[in-house]
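Listed below, chain by chain, are the residues.
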Amino acid sequence: GIRDYQPGDGMKLVDWKATARTQTLKVRELGSTVDHSLAIVLNLDTLGVGWLGFSTLHLERAATVAASLAHEALLDGRVVGLITNGTSLWYERAMSVTPARNNQQRMLIFETLAMVGPYVSGTIEDALLSHRGRLPYGATLAIISGVFPESLRRTVDELQRAGYATQVLYVGDEHPETTAPPGAAFYDLSEYFRTQEAASDWE
């Protein structure tokens, strides 16, 4: 279908014929292929306050969830990408993977996750908004985080209103500061992880 342009829409979606005909910027609204796009968003700020350091446990939980989601989504034939707010332990580059569903995507995401550390290059909110124009309209955003401050809630709400399906997978131990906005799913995985960690003598 065709609809009016919204801030954040990628330029590749612009329908120039419809734009010329109506004299207003129009974009193509894609069908089911958009629904198969998943952006895994990994927040490497595990405590929300930089000077406190970081939580190895929360970082491990978040990376585990990201790897599991990527594996299952690629098995389902979905287009999968990875967005983080961190830099590599070995290379000074952003730790993100462009969405794809080719045979190398799983290994590329796993290798990237193996290199993540507690070194953040900015907030996850800024990382999300900077990638927004490159995400297909209607893509699902799975946001994995050990903290959920009000600033992240506002960003999730903005993305939800822009047409993205958003879900938050919370891996922290403290009660989250706020709740997900209307329309966004919120999954508190902390109890699940505590049970698994106790059973396997994780600590």
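Remember, it's a predicted structure, so these values are computed and weren't measured experimentally. (Residues numbered from 1 in each chain as written. Predicted model: local features only at pLDDT ≥ 70, side-chain atom pairs only at ≥ 80, totals over all residues. Heavy atoms only, no water.)

Give a description of a nonpolar patch on the surface that names residues and reports values.
Side chains of Tyr5, Met11, Trp16 and Leu25 sit close together on the surface and give an oily, nonpolar patch of about 410 Å² of accessible area. For tryptophan 16, the position within the fold is in helix H1 (residues 16-22). (Patch = residues over 30% accessible without salt bridge, like charges linked within 9 Å, V, L, I, M, F, W, Y side chains within 5 Å. Areas by Shrake-Rupley, 256 points an atom, 1.4 Å probe, with all protein chains shown as cover. Salt bridge = Lys/Arg side-chain N within 4 Å of Asp/Glu carboxyl O. Helix = DSSP H or I, 4+ residues; strand = E, 2+ residues; numbered from the N terminus.)

Before we move on, can you summarise the nonpolar core with the specific residues and values?
In globular proteins that are soluble, nonpolar side chains generally tend to be buried together. Grouped together as the largest cluster of nonpolar side chains are 24 residues, with contacts concentrated most on Ile40, Leu42, Val80, Leu82, Ile109 and Ile144. Listed by contribution, the elements that provide at least two residues to this core are strand S3 (37-42), helix H3 (56-75), strand S4 (79-84), helix H4 (105-115) and strand S6 (140-145). Counting residues per element, this core draws most heavily on H3, which supplies seven residues. When near neighbours in sequence (up to four residues on either side) are disregarded, leucine 82 contacts Ile40, Leu42, Ser96, Val97, Ile109, Thr112 and Leu113. In this structure, Val41, Leu152, Leu159 and Ala162 belong to the second largest nonpolar core, which totals 20 residues. (Core = buried A, V, L, I, M, F, W, Y, C linked by side-chain atoms within 4.5 Å. Buried < 20%, exposed > 50% of the residue type's maximum accessible area, 1.4 Å probe, protein only. Contact = heavy atoms within 4.5 Å.)

Any chance you could break down the packing of aromatic side chains for me, citing the residues and the numbers?
A full pass over the atoms with the stated rule returns three aromatic pairs. When the ring of tyrosine 192 is compared with that of phenylalanine 193, the centres are 5.6 Å apart and the planes differ by 75°; the resulting orientation is edge-to-face. Here phenylalanine 193 falls in the buried class, since its relative accessible area comes to 5%. Taken together, the aromatic side chains of Phe148, Tyr170 and Phe186 make up a single cluster linked through ring pairs. (Phe/Tyr/Trp six-rings, centres within 6.5 Å; stacked < 30°, edge-to-face > 60°.)

Give me the environment of valine 41: which residues, what numbers.
Position of valine 41 among the secondary structure elements: in strand S3. For the pair valine 41 and serine 96, spaced 55 residues apart in sequence, the C-alpha separation works out to 9.0 Å. Apart from residues lying up to four places away in sequence, valine 41 is in contact with Ile83, Ile124, Leu128, Ala142, Ile143 and Ile144.

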